[in-house]
Amino acid sequence: MMNSLNLYKYASPATFYDLAGRMIPWFYAAAALLGVAGLYIGFFLAPTDFQQSEAYRIIFIHVPASWMSMFIYVVMAIWAAIGLAFNTRLSFMMASALAPTGAMLTFVALWTGALWGRPTWGAWWVWDARLTSELILFFLYVGFMALQAAIDDPRRADRAGALIALVGVVNVPIIYFSVRWWNTLHQGASVSVSKAPSMASIMLAGMLVMAIAVWMYAIAAALSRVRSIILERERNSQWVAQLLEGKA
Amino acid sequence: MSMLQTVLALLRRELTLAMRRRGDVLTVLFFFVIVASLFPLGVGPDAKLLRLMGGGVVWVAALLAAMLSLGRLFANDYADGTLEQLVLSPAPPVVWITGKILAHWLVSGVPLILMAPVLGVQYGLSSEALGVLVFSLLLGTPVLSLIGAVGAALTLGLRGGGVLVSLLVLPLYIPVLIFGAGAVDGAMAGLGAEAHLSLLGSILILAFLLTPWAVSAALRISIE
């Protein structure tokens, strides 16, 4: 009973603002430490790949970014569903705070993919199933953010955004499989990312450390953003006035 | 009123309105024709290339035309207050929403299906591929109206609603485009179109079952 009461306490933006403020430095610190460790493993300890030489090392950024870009969309949809089901304002704020980070990571994944594809496949872009569905994921993020930006009433913006996030997450598997079948029918198996040679364990370790680093960064960035959103939404409330007076 | 009566009453109203404003229907139809005619001008008159592209081009044009017609779905009723009355009416929202989407498809989807063979002939599609094109549009255009209705309901009364709806809806249209154009390609290549058409049919059933609920939720969000 005590436990659940405590959890409900943090559904209030005022208390969560404080909690998030205390958590952010820890997540940023974890992201920085793991990022340095992961990059060190990736660039100094991991051996050179005999097929792709040094170019493969971009996967230490590319793979974590694309994993997180997909994961964040699902988390966003879960917050949206919680918000619609329990009518909690903070859940909607979390969903909108996650979107820019997700979109940024999707973009990073596409960009680093192009940089890797040029020396490896000889082309900046191929219409591979994974590339294409990542691109569509980017469009879904942009649509979510554009819809929220176009609505002035925050209550409507929250709910409309939540609904489109849920519609999007239902569609993601359909889009993914349609793109995969489209791809196999159109161009055969000229390029295959899925049949990558098995990876040395040191490479895998570097990639996993980097993935956790990106995860920590995403949490920290989303929490800082949600703090700004809380301040903006609650600017007329008493606790924000007190907070700002205390600082001034 | 029974559910069927509700749908029929709404259908009669929507079709009467469409007949009074024939220009709206024709604009979308001509947009479809113009977009499809622009491609040969852009890529050149090579008959072989055009035959390869034909199915995809007609489908892309249909996607854009369907998206363009979404503004009509709820916007006029929203502006004159009819939509509010519909929301307040005792009929279950899913029923009248299905009726409205059905009417939208009859007015903006069916003309595209009727016009598509003409465009297909321009691209030199075989007669079998023309049949598949029409059939794939028959299965696919209702999905465009169904998914589009969610976008139209969410962007109701927003500034820049038209551009915004394209951003929301076009990525969701991609599976329909892939299977629709894939069916025509399959027929042209002699591989058969059954697999693509079956998938298109299953998407239609799924969309028919799920989207009216999403539209109903979206309208509640937009109107309150």
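For every chain, the first residue of its written sequence is number 1, and the numbers climb from 1 along that sequence. Whichever chain is written first is A, and whichever ligand is written first is 1; the rest continue in order. Thresholds applied to this predicted model are a pLDDT of at least 70 for local features of residues and 80 or more for the giving and counting of side-chain atom pairs; totals over whole chains, interfaces and linings are not thresholded and use all residues. Side-chain calculation: all heavy atoms of the structure are included, whereas hydrogens and water are not.

This paragraph deals with the interface of chain B and chain A. Whether two residues touch is decided by their heavy atoms; if any such pair falls within 4.5 Å, the residues are in contact. If you look at the interface, chain B gives 26 residues, while chain A gives 29 residues. Together chain B and chain A conceal approximately 2,300 Å² of surface at their shared face, both sides included; 77% is due to carbon and sulfur atoms. Once two parts are joined, some of their accessible surface, as seen by a 1.4 Å probe, is lost; buried area is that loss totalled over both. For chain B, the biggest contributors to the area lost against chain A are B:Arg159, B:Leu172 and B:Ile221; these three give 23% of the whole. Any Lys or Arg side-chain nitrogen located within 4 Å of an Asp or Glu carboxyl oxygen qualifies as a salt bridge. Across the chain B-chain A interface, the total number found is zero salt bridges. Whenever a nitrogen or oxygen atom comes within 3.5 Å of another N or O atom, the pair is scored as a polar contact, on the condition that within protein one atom can donate a hydrogen and the other can accept it, and that pairs from neighbouring residues in sequence are kept only if both atoms are in side chains. Where chain B touches chain A, the interface holds three residue pairs in polar contact (both at pLDDT 80 or more). Under the scheme used here, helices are H or I runs from DSSP no shorter than 4 residues and strands are E runs no shorter than 2 residues, and both carry numbers assigned from the N terminus. Of all the secondary structure elements, the ones that give two or more residues to the side of chain B that touches chain A are helix H7 (127-154), helix H8 (161-188) and helix H9 (194-223) of chain B. Tallying contributions element by element places H8(B) first for the side of chain B that touches chain A, with ten residues. Under the scheme applied here, ten amino acids are nonpolar (Ala, Val, Leu, Ile, Met, Phe, Trp, Tyr, Cys and Pro), four are charged (Asp, Glu, Lys and Arg), and all others, including Gly, are polar. A class-by-class count of the residues in the side of chain B that touches chain A yields 20 nonpolar, three polar and three charged.

All names here are of chain A. Values of pLDDT, the confidence the predictor places in each residue, fall between 0 and 100. For chain A, per-residue confidence averages 84 on the pLDDT scale, and residues scoring 70 or more make up 88% of the total. Considering each helix and strand of chain A separately, the mean pLDDT is smallest for helix H1 (residues 2-9), with a value of 60, and largest for helix H3 (residues 59-86), with 92. Long-range and interchain partners of residues 188-192, a stretch whose pLDDT sits below 50, account for three contacts in this model, where long-range means more than four residues apart.

Scanning the model with the defined rule gives seven salt bridges over all chains in all. Between A:Arg22 and A:Asp18 there is a salt bridge; the shortest N-O distance is 3.2 Å. In this pair, A:Arg22 and A:Asp18 both sit in helix H2 (residues 13-45), four residues apart, roughly one turn of the helix. The classification of residues rests on relative accessible area computed with a 1.4 Å probe and restricted to protein chains. Under 20% of the type maximum is buried, over 50% is exposed, and intermediate values are partly exposed. Classification of A:Asp18 as partly exposed rests on a relative accessible area of 43%. With a shortest N-O distance of 2.4 Å, B:Lys100 and B:Asp77 are connected by a salt bridge. Of this pair, B:Lys100 sits in helix H6 (residues 93-122) while B:Asp77 is found in helix H4 (residues 71-80), placing the two residues 23 residues apart along the sequence.

Right, let's get into the nonpolar core. By nonpolar core we mean a set of buried residues, namely Ala, Val, Leu, Ile, Met, Phe, Trp, Tyr and Cys, connected to one another through side-chain atoms within 4.5 Å. The biggest cluster of nonpolar side chains holds 106 residues, and the ones touching the most others in it are A:Met76, A:Leu147, B:Phe32, B:Phe74, B:Val215 and B:Leu219. Examining the composition of this core, we find that 15 residues originate from one element, H7(B), more than from any other. Other than its neighbours up to four places away in sequence, B:Val215 contacts B:Phe74, B:Ile97, B:Ile101, B:Leu146, B:Ala149, B:Val150 and B:Ala153. With 17 residues, the next largest nonpolar core counts A:Phe16, A:Tyr17, A:Ala20 and A:Ile230 among its residues.

Moving on: the environment of B:Leu11. Residues and elements named next belong to chain B. Secondary-structure assignment places leucine 11 in helix H1 (residues 3-20). What makes leucine 11 buried here is its relative accessible area of 12%. In this structure, the C-alpha to C-alpha distance between leucine 11 and alanine 103, residues 92 residues apart in sequence, is 5.6 Å. Discounting residues that sit within four places of it in the chain, leucine 11 has contacts with Gly99, Leu102, Ala103 and Leu106.

Position of B:Ser37 relative to the elements: it lies in helix H2 (residues 22-43). Along the backbone, B:Ser37 and B:Ala214 are 177 residues apart, and their C-alpha atoms lie at a distance of 35 Å.

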